[in-house]
Amino acid sequence: MTDKYSGINSKAGIDWTSVFIFIALMFIGWINIFATTCDLPFTSFEFGSKYCMQLLWMGLSLFVGMLILLSSDKYYYIYSYPAYVGALLLLILTLFVGRTVNGSRSWLSFGPVAIQTAELMKLAACLAVARYMSEYNFSLKRPRNVMVLCGLLLLPIMIILLQNDTGSAIVYCSFMFMLYREGVNGWIYILGFSIIGLFVLSFLLQPAVLLISLLVLYTIACGLIYGRWRQCAIYLAGTMFVTGILFFGSLLIFGTGLSFYHSLIGGSLLSLIVVGIYAYREKLQGLFLAMIAFVGSIIYMHLIEYVFNNILQTHQQKRILDLLGLESDLKGWGYNVHQSKIAIGSGGFTGKGFLQGTQTNYGFVPEQSTDFIFCTVGEEFGLWGTWLVVGLFGWLIIRLINMGERQQETFNRIYCYCAAGIILFHVVINIGMTLGLLPVIGIPLPLFSYGGSSLLVFTVMFFIAVKLDASGRIKSF
Amino acid sequence: MNKVTILKSVVIIILAIFAIRLFVLQIVNKDYKRLADNNVLRYEIQNPPRGEIYDRNGEYLAQSIATYDLMLVPRNMAKEGFDTVMLANVANVTVEQLVKEIERAKRYSRHRASVVVKQMPKESKLLFDEGHYPGFYTNFRTKRYYPRNVGGNLLGDIGEVTERIINNNSYYTRGDYIGYSGIENAYEDVLRGVKGTKVNMVDVRGTVMGSYENGIHDKPSIPGTAITTTIDLALQELGEELMKDKVGSIIAIEPSTGEILMMVSSPTYDPDELIGRDRGNNYMRMLNNKRNPLFNRAVMSAYPPGSTFKVANGLIGLQEGVLTADQRYPCYNGYTIGRGVKCHSHASPLNLYDAIANSCNAYFCFVMRNIIDNKKYKDIKEGFSVWEEYVRSFGFGRKLGSDFSSEYNGFVPSADYYTRSYGRWNSLTVISLSIGQGELGCSPLQMANFAATIANRGYYYIPHVVKKIDGRDSLDAKFYEKHYTKVDSKHFETVVEGMYRTVHGAGGTGHVAYIPDMDVCGKTGTAQNPHGRDHSTFMAFAPRNNPRIAISVYVENAGFGSTVAAPIASLLMEQYLTGKVERQYLVDQIKSTHIAYPHYDR
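The numbering scheme is per chain: residues are counted from 1 as the chain's sequence reads. Each chain takes a letter, starting from A, and each ligand takes a number, starting from 1, following the order in which they are written. With pLDDT at 70 or above as the cut-off, local features in this predicted model cover only qualifying residues; side-chain atom pairs require 80 or more to be listed or tallied, and sums for whole chains, interfaces and linings still use all residues. Side-chain calculation: all heavy atoms of the structure are included, whereas hydrogens and water are not.

Secondary structure elements are taken from DSSP: a helix is a run of H or I of four residues or more, a strand is a run of E of two residues or more, and numbering for both begins at the N terminus. Broken down by element type, chain A carries 19 helices and 3 strands. Burial status follows relative accessibility: with a 1.4 Å probe on protein chains alone, a residue under 20% of its type maximum counts as buried, one over 50% as exposed, and anything between as partly exposed. Within the span of chain A, comprising 477 residues, buried residues form 50% of the whole. We call two residues contacting when some pair of their heavy atoms lies within 4.5 Å. Excluding contacts between residues fewer than 6 apart, the proportion of contacts in chain A whose partners are at least 24 apart in sequence is 70%. Only the protein chains shown count as covering a residue, and every accessible area follows the Shrake-Rupley method with a 1.4 Å probe. As displayed, chain A offers around 22,800 Å² of accessible surface, 70% of which is attributable to carbon and sulfur atoms.

So, in structure tokens, the structure goes:
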């Protein structure tokens, strides 16, 4: 290549496999949009219909993608901050003059075209975060840097929350994906997931069962760390012994007796004293930490119970129970998920066939062209269709991670990880929702859900990554 | 493990969980296919039109006309409500009624169809189709229409199936109709046809979007089969006219086939009253009517046969060899042995012919005692049992097996019955059986069948009301089988002569039944009964040779058989044999005869 340092180059270095996967997903997505929105029986291609609009947006997106591949890669680094500020201003503008759809004020109209500014913000935030974290001197160990980074993310989150678009705000969690790669301690993630997990489990399991599980889990963890399995066994046996004494003793002495759960709490806390003495003697710091975590877990469990029963309103309680699948309101939220599962589940192995889905054709799944588009895949194309789509998304995300890993520039790597994280997050939340595994959070399935802003932003986001990767590889020749 | 591997593993694990979840939803769990079908498929029952009923000459007795039931699947109703006033107007019911029925449908099931308004006329259906009422649709079904308004109990009534019928018979579902009595009940399986199903697809609002898989799952309904009955409409109409305001019944049979030519049970009702929306009220009104118009007296009631039964005893006597046609017995205004049996005054002694013609009581007391006290039998029990067997062979004391399932068994006492009742007994104890009184119970159908048996000189075909079922070559084989009595054919000629003299002979009790230029054979009866005045009854057939009609008339509490029953029988035979009634004065006389029924109307 003659002008390999100018950044303006030809096709060389482009990861065509990824581009192919991307376009394949986009095409499959459109097929499903068509199946969901066309009027049956299909007679002629109608201009002005949703599938036609989506086709126009696809054309525009791919055209912009081509421009990105043909243009210089320098702009993204240079214009990342201005893009961030611009997107933020649009976001604020939307807050005041935006159009309200489905309760959230997130649409900005430009003549006949309306865009969701929160979608643009995702891209701008990726660029800005990548730029800031690739600055010389940046370190996650420096509190000032971490605070600025948090600011960069919290600013759009707050405005989006003010727009009442919870789904788009939650998307910013996806930066945690990139941050793990960039060195945030894994324990934070474990702690985070533990807190969420304990929250969910405290509703799903009986308190006594949960407490025993925790007890066993922590003991095994300590066993793994110190390898003192005999002591672990002695500890468990002792705890059970004390619990038994409390349970039956109180029964004998007071007649009424303690409940099994309270005896268990008493037993485990009493036995902790012994453990404390043991840890102090043997100078085992980790054991102290484990003890603190255990006690913390118990307190946390009771805190949840207290807050749920005494502070939350009835409708908030219902919402939580609904989210956890403990109470299903088939007329409200539950209806969508129920119909979505019917659509997907009735597809079988081969599906009902293109344009043959009864749930799809006769409108049983609400919001099917946007949030619940995956139902169409499941119903009309069956298991092979859904596995293909899930597989292609997985492949694309892994390739984006690989793409990030082979970058020499920190900016490029962080950007690729951001893009991978955002796409992964959307895919997981959206498909998880349609499968009834995760709560209903209204965020689109990339390249599938109907909507121009989302399609354009994901395309641009992806092609920037490809472009950055291509130039990086050319430079390394 | 380095961080990149961990991240990649996380991606793969999450997506693998999705893949497994998809496998479970789409392959392992079979419920969702059913749930999707429940959502989109609506099985519409296609009700076949009920088969028509014709008389023997092809005149309509019952037709079917189109009506539409308004159906509702509550789940598919518009969530924001709809204009109930408008729909009530369309369906021609009050708003309160409509709202009540909608609530009832909701209570029954949210996703199964209920009938909200029954039997709307076609105009309502057309209006309904113009509007848009999600969740509602119309269902075709036919309603009976009776062009001649005759034969209430004969044709029978059709009503909605009860919960018990639904549970016992899988064919029927809520809102279906079934024949409850008469021909409608007897030939329900033929008349109803076979329901079809149409599988439609509906969208989320319940609007029909078209047929499912081009209708390959549809099953067209098969219309009910038309039935040609053996009834002669003109005869039936005349019979009902003559019996108006009288209580009783008439049955006429064609002896050579066993075909029932007419069947009147009086009081009757207009079959139109038991269809449509007023059915319930009218039904209750009839149920409360003390004269009980819903009771088909022709096949269900038990009457003492009275003097008509003397013919049977004569036949048995002849067959047993204890009687000859020329045997004379004296009558001293009655039979004087034992408690005695009274008789009216007539010439004495009489031979068998004239004993029948004059209906002599004493004569048949002699005959009866000779039969059961016959020395060839070891005791009264054996003698009586022989008599009983003869009587049963005439079709008494059991169901004849006609197409009316509600047929009355009748009652013929056995020797054991008397032993249980009296302990010791002899022929004098049962002497009233000789003149058709006492414990005997016969239905008018059995009497008509007896008349037909005499007309045939010794055999009968099971009386039946259906001549032809469309598309079938023949009826049930039992209707083509001759049933012989235990009495030889030659003995019948003797009693036929007696019955001929009843009508044609001087002093015959049935002279009033005489039809000019016609050989009529008959026997009067005046049946004593515990309810008041005697029942007037007459049994006859005509012509004497190759008889075409045998008839039995019962008029409750009308006195002598010759006063009311005989003229009625005569007029009906005239109508059937000549196609017209010349003796209008007799018609007027019968119609103006007023009979009081104190025990019904109190």
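Picking up where we left off.
In this section: the nonpolar core. Grouped together as the largest cluster of nonpolar side chains are 112 residues, with contacts concentrated most on Phe175 and Tyr415 of chain A. The biggest single contributor to this core is helix H18 (residues 410-434) of chain A, with 15 residues. In this view, Tyr415 of chain A contacts Leu123, Cys126, Leu127, Ala130, Val460, Met461, Ile464, Ala465 and Leu468 of chain A; residues no more than four positions away in its chain are not counted. Throughout this description, the term nonpolar core refers to a set of buried Ala, Val, Leu, Ile, Met, Phe, Trp, Tyr and Cys residues connected via side-chain atoms within 4.5 Å. Judged by nonpolar contacts, the second largest core, of 94 residues, contains Cys343, Phe384, Phe396 and Phe492 of chain B.

We now examine helix H13 (residues 285-311) of chain A. For an α-helix the count is 3.6 residues per turn, leaving residues at separations of three or four pointing the same way. Every helix has an expected span of 1.5 Å times one less than the residues it contains. Under the 1.5 Å per step criterion, the end-to-end length of H13 of chain A is 37 Å for 27 residues, consistent within 8% with the ideal 39 Å. Those residues of H13 of chain A lying buried are Leu287, Ala290, Met291, Phe294, Ser297, Ile298, Met301, Ile304 and Phe308 of chain A.

With that out of the way, let us pick up a nonpolar patch on the surface. Residues and elements named next belong to chain A. Residues Val85, Leu89, Ile92, Leu93, Phe96 and Val97 make up a contiguous nonpolar surface patch of about 580 Å² in total accessible area. Among the secondary structure elements, Val85 is positioned in helix H4 (residues 80-97). On the basis of relative accessibility, which here comes to 45%, the residue Val85 falls in the partly exposed class. Each patch is built from residues lacking any salt bridge and having more than 30% relative accessible area; the joining distance is 9 Å for like charges and 5 Å for nonpolar side chains (Val, Leu, Ile, Met, Phe, Trp, Tyr). We count a salt bridge whenever a side-chain nitrogen from Lys or Arg sits within 4 Å of a carboxyl oxygen from Asp or Glu.

With that settled, consider the sheet that holds strand E1 (residues 99-101) of chain A. In sheet architecture, strand pairing relies on hydrogen bonds along the backbone and comes in two forms, parallel and antiparallel. Residue and element names in this part refer to chain A. The criterion for strand pairing is that DSSP finds at least two bridges linking the strands in question. The strand order across the open sheet built from 3 strands is E1-E2-E3, with neighbouring strands paired in antiparallel fashion. Each edge of the open sheet carries a strand with a single partner, namely E1 and strand E3 (113-116). Taken pair by pair, the neighbouring strands of this sheet meet at an average axis angle of 45 degrees, ignoring direction. Where E1 meets strand E2 (residues 104-110), 3 bridges bridge the pair, whose relative direction is antiparallel. Among the inter-strand pairings, Arg99 is bridged to a residue of E2, identified as Trp107. To get an axis, fit a line to the C-alpha atoms, keeping to the stretch in contact for a helix; angles then go from 0 to 180 degrees between the N-to-C directions. Sitting on the sheet, H4 touches E1 and E2, and the angle it makes with E2 is about 105 degrees.

Let us now look at the interface of chain B and chain A. Size of an interface: often given as the accessible area lost when the parts come together. In this assembly, 29 residues from chain B lie in contact with 44 residues from chain A. We define buried area as the total accessible area lost by two parts upon association, computed with a 1.4 Å probe and summed across both. For the pair chain B and chain A, the summed buried surface comes to about 3,300 Å²; carbon and sulfur atoms form 76% of the total. Sorting the residues of chain B by area buried against chain A places Leu7, Phe18 and Gln26 of chain B first, and these three jointly supply 20% of that buried surface. At the boundary of chain B and chain A, one finds 0 salt bridges. Here a polar contact means two N or O atoms within 3.5 Å. Within protein one must be a hydrogen donor candidate and the other an acceptor candidate, and residues neighboring in sequence count only if both atoms are side-chain atoms. Linking chain B with chain A are 11 residue pairs in polar contact (both at pLDDT 80 or more). Breaking the side of chain B that touches chain A down by element, the ones donating at least two residues are helix H1 (3-28), helix H2 (31-40) and strand E8 (196-202) of chain B. By residue number, the principal contributor to the side of chain B that touches chain A is H1 of chain B, which donates 18 residues.

It is worth spelling out the side chain of Thr239 of chain A at this point. Residues and elements named next belong to chain A. Along the chain, Thr239 turns up in helix H11 (residues 229-254). Since its relative accessible area comes to 0%, Thr239 is described here as buried. If near-sequence neighbours (up to four positions away) are discounted, Thr239 is found in contact with Leu215, Gly267, Ser268 and Ser271.

This part takes up the side chain of Ser271 of chain A. All names here are of chain A. Tracing the backbone shows Ser271 in helix H12 (residues 260-282). Ser271 sits in the buried class, given a relative accessible area of 8%. Leave out the neighbours within four places in its chain, and Ser271 touches Tyr235 and Thr239.

This next bit is on the sheet that holds strand E1 (residues 41-46) of chain B. Residues and elements named next belong to chain B. Read across the open sheet, the 3 strands follow the order E1-E8-E9; overall the sheet is antiparallel. The outermost strands of the open sheet, each flanked by one partner alone, are E1 and strand E9 (208-211). Sheet twist, expressed as the average angle between the axes of neighbouring strands with direction ignored, equals 40 degrees. In the packing of H2 onto the sheet, contacts are made with E1 and E8, and the angle to E1 comes to roughly 55 degrees.

Before going further, it helps to spend a moment on the packing of H18 of chain A against H1 of chain B. The N-to-C vectors of H18 of chain A and H1 of chain B enclose an angle of 20 degrees; their axes lie 11 Å apart at closest approach. Overall, the two elements H18 of chain A and H1 of chain B adopt an arrangement that is roughly parallel. Helix-helix and strand crossings are classified by hand; for H18 of chain A and H1 of chain B the assignment is left-handed. Together, Tyr417, Leu424, Val427, Val428, Ile431 and Gly432 of chain A of H18 of chain A and Val4, Leu7, Val11, Ile14, Leu15 and Phe18 of chain B of H1 of chain B make up the contact between the two elements. Charged means Asp, Glu, Lys or Arg here, nonpolar means Ala, Val, Leu, Ile, Met, Phe, Trp, Tyr, Cys or Pro, and polar covers whatever is left, Gly included. Residues belonging to the contact of H18 of chain A with H1 of chain B are distributed by class as follows: 11 nonpolar, 1 polar and no charged. By the definition adopted for this analysis, an angle is roughly parallel if under 35 degrees, roughly antiparallel if over 145, roughly perpendicular if from 65 to 115, and oblique otherwise. Working rule for handedness: look at the near helix, and if it is turned counterclockwise from the far one by less than a right angle, call the crossing left-handed; if clockwise, right-handed.

This part is about the pattern of salt bridges. Across all of its chains, the model carries 44 salt bridges over all chains by this definition. Glu493 of chain B is paired through a salt bridge with Arg457 of chain B; the nearest N and O atoms lie 3.0 Å apart. In this pair, Glu493 of chain B sits in helix H19 (residues 489-504) while Arg457 of chain B sits in the loop between helix H18 (444-455) and strand E15 (459-460), placing the two residues 36 residues apart along the sequence. Taking the relative accessible area as the measure of exposure, Glu493 of chain B reaches 37% and is therefore partly exposed. Put simply, Asp15, Arg399, Arg406 and Asp469 of chain A are held in one network by salt bridges that share partners.

The next thing to look at is the packing of aromatic side chains. Classification of ring pairs rests on two measures: the distance between centres of Phe, Tyr or Trp rings, Trp counted by its six-membered ring, which must be within 6.5 Å, and the angle between planes, read as stacked under 30 degrees, edge-to-face over 60 and tilted in between. All told, the structure shown has 47 aromatic pairs over all chains when counted by the stated rule. Seen from their ring centres, Tyr132 of chain A and Phe138 of chain A are 5.3 Å apart, and the 75 degrees between their planes marks the pair as edge-to-face. Residue class for Phe138 of chain A comes out buried when judged on its relative accessible area of 18%. Ring centres of Tyr171 of chain B and Tyr172 of chain B lie 5.1 Å apart, and the angle between their planes is 85 degrees; on these two criteria the pair is classed as edge-to-face. By relative accessible area, which is 3% here, Tyr172 of chain B ends up buried. These aromatic residues form a ring-pair network of at least three members: Phe309, Phe384, Trp387, Phe394, Phe396, Phe411, Tyr417, Tyr418, Tyr422, Trp425 and Phe450 of chain B. Only when the NZ atom of a Lys or the CZ atom of an Arg is both within 6 Å of the ring centre and within 35 degrees of the ring normal do we say a charge sits over the ring. In this arrangement the basic side chain of Arg192 of chain B is found over the ring face of Tyr171 of chain B, its NZ or CZ atom lying 3.8 Å from the centre. Just above the ring of Tyr459 of chain B sits the side chain of Lys482 of chain B; from NZ or CZ to the centre is 4.6 Å.

Moving on, we come to the pairing of E8 of chain B. Residue and element names in this part refer to chain B. Counting buried positions along E8 gives 6 out of 7 residues, so the element sits mostly inside the fold. As judged from the 6 bridges shared by E1 and E8, these two strands associate in the antiparallel manner. When the sheet's bridge partners are listed, Leu41 is paired in E8 with Met201. Hairpin remark: E8 followed by E9, antiparallel, with 5 residues in the connecting loop; positive phi at Gly206, about 85 degrees.

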